[in-house]
Amino acid sequence: MNEIIIAILRSGTPLIYVTLAGVIAQRAGVWNLGLEGLMIMGACATIVGIMLTNSIVAAILIAILICVLASVLLWFVIDRLKANPIIAGLGLTGLGLGGTALAVQSIFGSQASVTAPFGIPKLGPAFGAYGVLSIAVAAMPFVVFGMWVMLRRTRFGLRLAACGEHPFAARSVGANPSRMRLVALAIGGVLCAIGGAELAAGSLQFFAQGMTAGRGFMAFAAVIFGASHPVGATFAALFFAVVGALGIRAQLMFGDKIPHDLLQALPYLATVFGVWLSGKLRGGAKAASSFAELKDQ
Amino acid sequence: MKDSLVTVARSLIFVAFALILCALVFQFAGYNAPLMLWAVADGAFLRSGAIEQSLRWALPLFITAVGVGISFRAGFFNIGAQGQFYVGAICAAFAAEAFKGGPAFLVIPALIIAGTLGGALWALWPGLLRLRSGTDEVITTLMGNFMAGLLLVYVTSGPLKDPSGSGQQASSRPLDAAYRISDSLGISPTIIAIGAAVGILMWLLVNRTAFGVLASLAGRNGTMVEWQGARLWKLGLSSFIISGALAGLAGTIEFMGPNGRIASGFLPAHGFTAILIALVANLSVVGTAAAAVFFGGLASAALYLPIMAGLPAAAIDIINAAIALFITARSKLVDQVLRLGGRPS
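Rules used in this analysis
Residues numbered from 1 in each chain as written. Chains lettered and ligands numbered in written order. Predicted model: local features only at pLDDT ≥ 70, side-chain atom pairs only at ≥ 80, totals over all residues. Heavy atoms only, no water. UniProt positions renumbered as here; feature names shortened; annotations may be inferred. Helix = DSSP H or I, 4+ residues; strand = E, 2+ residues; numbered from the N terminus. Rg over C-alpha atoms; globule rule 2.2 N^0.38 Å. Buried < 20%, exposed > 50% of the residue type's maximum accessible area, 1.4 Å probe, protein only. Areas by Shrake-Rupley, 256 points an atom, 1.4 Å probe, with all protein chains shown as cover. Lys, Arg positive; Asp, Glu negative; His and termini not counted. Charge placed at Lys NZ, Arg CZ, Asp CG, Glu CD. Core = buried A, V, L, I, M, F, W, Y, C linked by side-chain atoms within 4.5 Å. Contact = heavy atoms within 4.5 Å. Buried area = accessible area lost by both parts, 1.4 Å probe. Salt bridge = Lys/Arg side-chain N within 4 Å of Asp/Glu carboxyl O. Polar contact = N/O pair within 3.5 Å; in protein donor to acceptor, adjacent residues only side chain to side chain. Axes fitted to C-alpha atoms, helices over the stretch in contact; angles between N-to-C directions. Parallel < 35°, antiparallel > 145°, perpendicular 65-115°, else oblique. Left-handed = near helix turned anticlockwise from the far one by under 90°. Nonpolar A, V, L, I, M, F, W, Y, C, P; charged D, E, K, R; others polar. Disulfide = S-S within 2.5 Å.

The name recorded for chain A in an unreviewed UniProt entry is Inner-membrane translocator, from Sinorhizobium meliloti. The heading Subcellular location (unreviewed entry) in the UniProt record of chain A holds the text "Cell membrane".

Right, dumping it as structure tokens:
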């Protein structure tokens, strides 16, 4: 049982951090499909940072810096240049996937993956079987709670939601939707950097090209599934992690009877189901008005 | 006319902007940017035989992109072209197994139909979910891409596995030479004819039929079209099916033409590039053809970049991504500059 919980926490934690980044962007009214790209930038920057600076703190700070800069670029393109958020987000994802591949090749020669000597510190033997988890896993519930407080119980969070829901009304009480979006995306950049760092340096300590494998998109689906509520979205992400872990479990148990490539598709199927269900429950969650534009434009 | 010229100029400006941005980044990363741009131009259009190679990549991209344009026009963000492309190729490959040994003049059309239907099917379920339950199609089609990718891995390493295949990439048994519609160079009269037929039919559909006009209106203002008495869900579902069918057709062409087999994870950027083409072309069919030639050139140049400029092929992905980042921008500044240029006061 411990093993399954550890597996779920390991695969779920990076997803949850990135999901929270999606939640805060969603609340500000931005559909952030760049999560995948931000996450892989964070993962790559962490491992490269460890190799270059030999310090995990410096590595994560580098990752945060890169992800925040990339988020600001996304904000500039969709807010200032009025680009379509979905396409611009996909572009940022492509930039992340291609850029990290290029970076790894130009820094380390033609290697497909890079292994770092150490990663994020572990909890240690004091936590028994759970000591193999990194401190980012232990910090996760507090971050989720902090996000909930920030989004639901502070003036900033309420203004943010107002800016996402009804920019005109928000502006009439003195909020600046454009600046709110910038802040939301920048905070999202920090969270994506931590999520990427946990993915690459949490238990594996290596970076491989395209290692996010759609997790950023899954996080985005968790945002929709969880009705862009920080706790709801966290549970949605956790649900995807559970489905993934059970898939691996089933693979071990049933072996050849079920082709494992099809079991790997379970989280994606669960995502479709989740989005369908959340649409059903709330009468058609059609948040993006087709050619989704920011609502105040 | 002036407006459409402004649109074209705007697309060109953003593409050029993205190219320059990438060149700057590559220069800072320690590569020779002018050499890179030259290698792209040379590999895409200047080298002898380059045009044929660019067309080989451009034709399937054009077919998929026209489909993407049709669903975008109707206001549905079907970003699942990649998955529909894969499922089309998979269905054609299964049909090829089933009809093995039949006369070529019957089998070839049957395979094309099977692939087209497969692609349509993979667009049908997101379409139904969207129009029946309001499930957002951006997510369902995106997840469909991942599922189709895994399905491809499964069939190429399972039911369709080529036992003699070696190497890391699992692939299907090769298609019988009699059923191929081109050699491995990838350009043949059959493929050109299919591309031309798709282009003409879709141009007629978009510009000369009630469906095309209503679908475009529905994309801009669905409520209005519904009040006018059109069935919004019929329009929407048809546009999903058409876009899926065309992506499936493109997958079938890749399978029956240049590739001759399907391999796990083949052409992973096809769908994304097709979406870009449709957007660069501002969703017009004629524009799509022109944009497809350009992006086909980029795809073909990707094969020469590592040799010519020492750049990894990922450089082309980055150029495409940069174009995606900026292509939908509606900067007032750019428009003002363009309009001032075209209309001296």
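From this point, the narrative continues.
**Q** Help me understand the overall build of chain B in this model?
**A** For chain B, the helix and strand inventory stands at 15 helices and zero strands. Whereas a compact globule of 345 residues would reach a radius of gyration of roughly 20 Å, chain B reaches 21 Å, a difference of no more than 12%. Principal axes of the C-alpha set define a box for chain B whose edges measure 70 × 60 × 35 Å. Here chain B holds 345 residues, and 57% of them are scored as buried.

**Q** Would you explain the overall build of chain A in this entry?
**A** Of regular secondary structure, chain A possesses 12 helices and two strands. Listing each helix as α and each strand as β along chain A from the N terminus yields α-α-α-α-β-α-α-α-α-β-α-α-α-α. Against the 2.2 N^0.38 benchmark of 19 Å for 297 residues, chain A shows a C-alpha radius of gyration of 19 Å, consistent with a compact globule. Principal-axis analysis of the C-alpha atoms gives chain A an extent of 55 × 45 × 35 Å. The burial tally for chain A puts 54% of its 297 residues in the buried class. For chain A, the accessible area works out to roughly 11,800 Å², and carbon and sulfur atoms hold 68% of it. Side-chain charges in chain A split into 19 positive and 9 negative, and the spacing between the mean points of these groups amounts to 11 Å.

**Q** Where do I start with the nonpolar core in this structure?
**A** Nonpolar side chains tend toward joint burial in soluble globular proteins. Ranked by internal contacts, the top residues of the largest apolar core, which has 194 residues, are B:F26, B:I63, B:F255, B:I262, B:F266, B:I319 and B:I323. With residues near it in sequence (within four places) discarded, B:F255 still touches B:A89, B:A92, B:A93, B:A96, B:L175, B:G260, B:R261 and B:I262.

**Q** For this particular structure, what's the right way to read the interface of chain A and chain B?
**A** It is common to give the size of an interface as the accessible area that goes away when the parts come together. If you look at the interface, chain A gives 50 residues, while chain B gives 44 residues. For the pair chain A and chain B, the two sides together bury roughly 3,900 Å², of which 78% comes from carbon and sulfur. In this structure, the connection of chain A to chain B is made through zero salt bridges. Across the chain A-chain B interface, the total number found is two residue pairs in polar contact (both at pLDDT 80 or more).

**Q** Teacher, can you tell me more about the packing of helix 1 (residues 2–27) of chain A against helix 5 (residues 135–153) of chain A here?
**A** Residues and elements named next belong to chain A. The interhelical angle for the contact between helix 1 and helix 5, taken along N-to-C directions, is 20°, at an axis separation of 10 Å. Between helix 1 and helix 5, the angle falls in the class roughly parallel. Along this stretch, helix 1 crosses helix 5, giving a crossing that reads as left-handed. Here L9, T13, I16, Y17, L20, V23, I24 and R27 of helix 1 lie close against helix 5, whose contacting residues are A136, V137, A139, M140, V143, V144, M147, M150, L151 and R152. Taken together, the residues of the contact of helix 1 with helix 5 break down into 15 nonpolar, one polar and two charged.

**Q** How do you make sense of the state of the cysteines when you look at a structure like this?
**A** As used here, a disulfide is simply a covalent bond connecting the sulfur atoms of two cysteines. Scanning all chains against the criterion turns up zero disulfides over all chains. A disulfide-free cysteine, B:C22 has its sulfur positioned 17 Å from the sulfur of A:C44, the nearest such atom.

**Q** So what exactly am I meant to see when it comes to the packing of helix 6 (residues 155–165) of chain A against helix 8 (residues 177–201) of chain A here?
**A** Axes are the key here: two packed helices are described by the angle between their axes and the distance separating the axes. All names here are of chain A. Taken N-terminus to C-terminus, the directions of helix 6 and helix 8 make an angle of 115°; their axes are 10 Å apart at the nearest point. When the interaxial angle is binned, helix 6 and helix 8 end up roughly perpendicular. For the element pair helix 6 and helix 8, the recorded crossing hand is left-handed. Counted together, F156, R159, L160 and C163 of helix 6 and P177, M180, V183, A184 and I187 of helix 8 form the full contact between these two elements. Tallied by class, residues from the contact of helix 6 with helix 8 come to eight nonpolar, no polar and one charged.

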